[in-house]
Amino acid sequence: MTGLSTILIVVGLFLVGGIVSFVKQKMPTSLIVLVSIGAAMCLVAGVMRLGVWS
């Protein structure tokens, strides 16, 4: 694992934890969608970096 892919995956998992927390707190749906898009982008970018440059 390269450093950048590790960082992207960790940030993505951190944002997933934030999504779970926001859902439990009944935050606005638009905020949850925005954070989930960011988490998905981080996770996909980290996994793609692993696959392409491993």
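Computed from a predicted model, the values in this text were never measured in an experiment.

Peer 1: Mind laying out a nonpolar patch on the surface, listing which residues take part and the relevant values?
Peer 2: Taken together, the side chains of Leu 4, Ile 7 and Val 11 make up a nonpolar region of the molecular surface, amounting to roughly 250 Å² of accessible area. Mapped onto the elements, Ile 7 comes out in helix H1 (residues 3-24).

Peer 1: Can you explain the environment of Met 27? Please cite residues and give values.
Peer 2: Tracing the backbone through its elements, the reader meets Met 27 in the loop between H1 and helix H2 (29-53). By relative accessible area, Met 27 is classed as partly exposed at 30%. Not counting residues up to four positions away in its chain, the partners in contact with Met 27 are Phe 22 and Ile 32.

Peer 1: Would you mind going over the environment of Val 11 in detail, with residue names and values included?
Peer 2: Secondary-structure assignment places Val 11 in helix H1. Val 11 gets classed as partly exposed once you look at its relative accessible area, which sits at 34%. For the pair Val 11 and Thr 29, spaced 18 residues apart in sequence, the C-alpha separation works out to 21 Å.

Thresholds, definitions, all that
Residues numbered from 1 in each chain as written. Predicted model: local features only at pLDDT ≥ 70, side-chain atom pairs only at ≥ 80, totals over all residues. Heavy atoms only, no water. Patch = residues over 30% accessible without salt bridge, like charges linked within 9 Å, V, L, I, M, F, W, Y side chains within 5 Å. Areas by Shrake-Rupley, 256 points an atom, 1.4 Å probe, with all protein chains shown as cover. Salt bridge = Lys/Arg side-chain N within 4 Å of Asp/Glu carboxyl O. Helix = DSSP H or I, 4+ residues; strand = E, 2+ residues; numbered from the N terminus. Buried < 20%, exposed > 50% of the residue type's maximum accessible area, 1.4 Å probe, protein only. Contact = heavy atoms within 4.5 Å.

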